[in-house]
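Here's the letter readout for the chains.
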Amino acid sequence: MRIIGNTNSIRAALEARTVIKVFMTENFKNDSVLKLIKELHVNYEIVSKDKLDTIFKGSQGAVAQVKDIHTVGLDEIFAIAKKKKNPIVVMLDELNDPHNLGAILRSSDAFDVSGIVYKKRGQVSLNDTVIKVSTGAANFVKCAEVTNLTQAIKKFKENGFWVIGLDGDSNQTLKDTPKDVPLLIVTGSEGFGISRLVKENCDLILKIPMFGKVNCLNASVACGIALYAIRNGQ
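Residues numbered from 1 in each chain as written. Predicted model: local features only at pLDDT ≥ 70, side-chain atom pairs only at ≥ 80, totals over all residues. Heavy atoms only, no water.

Engineer: How should I be thinking about the layout of surface pockets in this particular structure?
Structural biologist: Its boundaries defined by the atoms lining it, the largest pocket holds a volume of some 540 Å³. Contributing to the lining of the largest pocket are 22 residues, with D167, G168, N215, C216 and L217 lying nearest its centre. Taken together, the elements giving at least two residues each to the lining of the largest pocket come down to β9 (183-188) and α9 (219-231). Looking at the lining of the largest pocket residue by residue, the classes come out as 11 nonpolar, 6 polar and 5 charged. Broken down by secondary-structure element, the contributors of at least two residues to the lining of the second largest pocket are β1 (2-4) and α6 (128-133). Of the residues forming the lining of the second largest pocket, the biggest block, 4 residues, is contributed by α6. Looking at the lining of the second largest pocket, its residues break down into 5 nonpolar, 8 polar and 3 charged. (1 Å grid on protein atoms, 1.4 Å probe; cavity = no way out; pocket = protein on both sides within 12 Å on 5 of 7 lines; lining within 4 Å. Points joined across faces, edges and corners; volume = space filled by probe spheres on them. Helix = DSSP H or I, 4+ residues; strand = E, 2+ residues; numbered from the N terminus. Nonpolar A, V, L, I, M, F, W, Y, C, P; charged D, E, K, R; others polar.)

Below you can see the structure in the form of structure tokens.
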């Protein structure tokens, strides 16, 4: 069980049916949250501001007890993807910043990504910071932790996915993304990019065209741009 205090996160948790109980002050007036509490018959308690602060410091007038968010297996990612037309899954290679993963979860929710895959060890995981930064997206986008990324890529290929690596040194751009096929989009860390073995197992390596003097992007920004471009047929 976790405690959350951001209003957007509480609303997302309510929509995901993961809220156990809500504590709020008498003057809490967020209509969308109050409506969901009523419609879903969620247990709630009116408390003083002082008591609310003892539960969660710095809340916005309400806090919620919510169920823990857990990672899933690749089979569940494939099951989700098979229900969608032209599904997209994101794979993260050597990503260590929880804020990046949180932001990628938000972009993934916005562009209907079926799941996120990353290594079980040596990378950022689905921790409290990630969940907080995702502002609720972690409730809707499943994350799968795997032992070996190259082995996971092989499973995606067996399930009909094209594997696209993002790398600024490529001669091809996102315009060369295959159309109307399941896609696994691989993004690496800012410092090291995609590792050699993972890159060798990609079907295509594509870059995001840039026109300024700084030739690298934050991993979450690059991922968001790529997802937007692919979803819009660029």
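Engineer: Help me understand the sheet that holds strand β7 (residues 143-146) in this model?
Structural biologist: Strand pairing in a sheet relies on backbone hydrogen bonds. The paired strands run either parallel or antiparallel. In spatial order, the strands read β7-β6-β5-β9-β8-β10; together these 6 strands make up an open sheet with parallel pairing. The outermost strands of the open sheet, each flanked by one partner alone, are β7 and β10 (204-206). Each neighbouring strand pair of the sheet contributes to a mean axis angle of 25°, computed without reference to strand direction. Where strand β8 (residues 162-166) meets β10, 3 bridges bridge the pair, whose relative direction is parallel. Residue pairing in the sheet places L166 in a bridge with L206 of β10. Packing of α9 onto the sheet brings it into contact with β5 (88-93), β8 and β9, and relative to β5 it is tilted by some 160°. (Pairing = 2+ DSSP bridges. Axes fitted to C-alpha atoms, helices over the stretch in contact; angles between N-to-C directions. Contact = heavy atoms within 4.5 Å.)

Engineer: Any chance you could explain the pairing of strand β6 (residues 115-119) here in plain terms?
Structural biologist: On a regular strand, each side chain points to the face opposite its neighbour's, so the side chains alternate between the two faces of the sheet. Burial runs high along β6: 4 of the 5 residues are buried. Of the strand pairs in this sheet, β5 and β6 are connected by 4 bridges, and their pairing is parallel. Across the sheet, M91 pairs through a bridge with V117, a residue of β6. Handedness of the crossover joining β5 and β6 through helix α5 (residues 98-110): right-handed. Strand direction decides the pairing type here: β6 and β7, joined by 4 bridges, are parallel. In the sheet register, K119 faces β7, and the bridge partner there is V146. As for the winding sense of the linkage, the β-α-β connection from β6 through α6 to β7 is right-handed. (Buried < 20%, exposed > 50% of the residue type's maximum accessible area, 1.4 Å probe, protein only. Right-handed = clockwise from strand over helix to strand, strands pointing away.)

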